[in-house]
Amino acid sequence: MDSMQQLRDAAEKLALILAQGGMQKATARVMTALLYTEQETMTAADLCEQLSISSGAASTALKQLIQNGLIERVPAPGSRREHFRFVTGAWATLMSQQNTMYAVMRAAAQDGLDAARAESVTADRLHEMQDFYRYMEREVLPLIDKWRQQYKVNTPK
């Protein structure tokens, strides 16, 4: 198997993992295609051809990935088509977005606590849930910031 096919297979494997984690399948495939490409940038047409997806699916995926800060449009002198590339620091961005979920889960635990008897097994479980997400919320952002600082220092210019 040649290295290009190995890269495509690895991209598809990661896309499957991301889709199992809740990302739309086409969005996951577009994201991993941009991550694993040997090209600096790709166009929507490149993605459609490589992934055998419709232009509508590619467009929707690209919009979502741009909104989430994982990819960006880049100028391509001499080309009429929009070009896209994976953003440096995308993983930290993706992980930072999980903090919204931490707050949502904490709030869901509070809703349950508001409804549960104070001294009950239910309340005990919900307190643990709330404490866990509060802890994650407090600890993850500084960890991501620390990684960003370290990565910036160690990244060649």
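Residue positions are given per chain, counting from 1 as you read along its sequence in written order. Per-residue local features of the predicted model are confined to residues with pLDDT of at least 70, and side-chain atom pairs are confined, for both listing and counting, to 80 or more; whole-chain, interface and lining totals are unaffected and use all residues. Excluding hydrogens and water, the side-chain figures rest on all heavy atoms present in the structure.

What to know about the overall build of the protein
Helices and strands together make up the secondary structure of the protein, namely six helices and three strands. Helix numbering and strand numbering both begin at the N terminus, where a helix is a DSSP run of H or I of at least 4 residues and a strand a DSSP run of E of at least 2. The N-to-C order of helical and strand elements in the protein reads α-α-β-α-α-β-β-α-α. As a reference, a globule follows 2.2 Å times the number of residues to the power 0.38, and the radius of gyration itself is taken over C-alpha atoms. A globule of 157 residues ought to have a C-alpha radius of gyration of about 15 Å, yet the protein, at 20 Å, is considerably larger. Dimensions of the protein, computed from the C-alpha atoms along their principal axes, are close to 65 × 40 × 35 Å. The buried label goes to any residue with under 20% of its type's maximum accessible area, the exposed label to any with over 50%, and the partly exposed label to all in between, with areas taken from a 1.4 Å probe on protein chains only. Across the 157 residues that make up the protein, the buried fraction comes to 29%. Summarising the internal contacts of the protein: among those between residues at least 6 apart in sequence, 50% fall at separations of at least 24. All accessible-area figures derive from a Shrake-Rupley calculation using a 1.4 Å probe, and residue coverage is judged against the displayed protein chains alone. Counting only carbon and sulfur atoms, one obtains 53% of the accessible surface of the protein, whose full area is about 10600 Å². The positive charge centre, built from 18 side chains, and the negative charge centre, built from 18, are 4 Å apart in the protein. By the convention used here, residues are in contact when the closest approach between their heavy atoms is within 4.5 Å. A residue counts as positive if it is Lys or Arg and as negative if it is Asp or Glu; His and the chain ends are not included. To locate a charge, take atom NZ for lysine, CZ for arginine, CG for aspartate or CD for glutamate.

Remarks on the pairing of strand β3 (residues 83-86)
In this scheme, strands are said to pair when DSSP sees at least two bridges between them. Note that strand β1 (residues 42-43) and β3 share two bridges and pair antiparallel. Bridge pairing in β3 links M42 to F84.

Things to note about helix α2 (residues 25-36)
What a helix should span is 1.5 Å times the count of its residues minus one. In this model, α2 (12 residues) spans 16 Å end to end at C-alpha, consistent with the 16 Å of a helix rising 1.5 Å per residue. Those residues of α2 lying buried are T27, A28, R29, V30, M31, T32, A33 and L34.

Section: the sheet that holds β3
Pairing is antiparallel in the open sheet, where three strands are placed in the order β1-β3-β2. The open sheet has two free edges, formed respectively by β1 and β2 (71-74), since each of these has just one partner strand. Lying over the sheet, helix α4 (residues 55-67) contacts β2 and β3, oriented at roughly 105 degrees with respect to β2. Geometry is summarised by axes, namely lines fitted to C-alpha atoms with helices restricted to the contacting stretch, and by angles between N-to-C directions that run from 0 to 180 degrees.

Focus on the packing of helix α3 (residues 44-51) against α4
A pair of packed helices is characterised by two quantities: the angle between their axes and the separation of those axes. Closest axis-to-axis distance for the α3/α4 pair is 9 Å, and the angle between their directions is 120 degrees. Taken as axis vectors, α3 and α4 run oblique relative to one another. The interaxial crossing formed by α3 with α4 has right-handed handedness. Residues A44, L47 and C48 of α3 lie in contact with α4, whose contacting residues are S55, A58 and L62. Of the residues in the contact of α3 with α4, the class split is five nonpolar, one polar and no charged. An angle counts as roughly parallel when it lies under 35 degrees, as roughly antiparallel when it exceeds 145, as roughly perpendicular when it falls between 65 and 115, and as oblique in every other case. Note on convention: the crossing is left-handed when the near helix lies turned anticlockwise from the far helix by less than a right angle, right-handed when the turn is clockwise. In this classification, Asp, Glu, Lys and Arg are treated as charged, Ala, Val, Leu, Ile, Met, Phe, Trp, Tyr, Cys and Pro as nonpolar, and every other residue, Gly included, as polar.

Let's talk about helix α5 (residues 90-115)
Look at α5: 39 Å from first C-alpha to last across 26 residues, which is about the 38 Å you get at 1.5 Å a residue. Those residues of α5 that sit buried are A90, A92, S96, N99, Y102, A109 and L113.

Focus on the pattern of salt bridges
What makes a salt bridge here is a side-chain nitrogen of Lys or Arg within 4 Å of a carboxyl oxygen of Asp or Glu, nothing more. One pass over the full model with this rule turns up seven salt bridges. The partner of R73 in a salt bridge is E82, with the nearest N and O atoms 2.8 Å apart.

Notes on the packing of aromatic side chains
Working definition: an aromatic ring pair is given by the centre-to-centre distance plus the angle between the planes. Pairing of aromatic rings covers Phe, Tyr and Trp, the last through its six-membered ring, and needs centres within 6.5 Å; plane angles under 30 degrees mean stacked, over 60 mean edge-to-face, and all others mean tilted. Applying the stated rule across the entire model yields four aromatic pairs. Their ring planes at 45 degrees and their centres at 5.7 Å tell us that F86 and W91 sit as a pair that is tilted. Considering the side-chain rings of W147 and Y151, the 4.8 Å spacing of their centres and the 15 degrees angle between planes classify their relative orientation as stacked. Taken together, the residues span about one helical turn, with W147 and Y151 both in helix α6 (residues 121-154) at a distance of four residues.

A few points about the environment of G89
Tracing the chain through its elements places G89 in the loop between β3 and α5. Taking the C-alpha atoms as reference points, G89 and Y102, separated by 13 residues in sequence, lie 21 Å from one another.

Nothing here speaks to function; it is geometry throughout.
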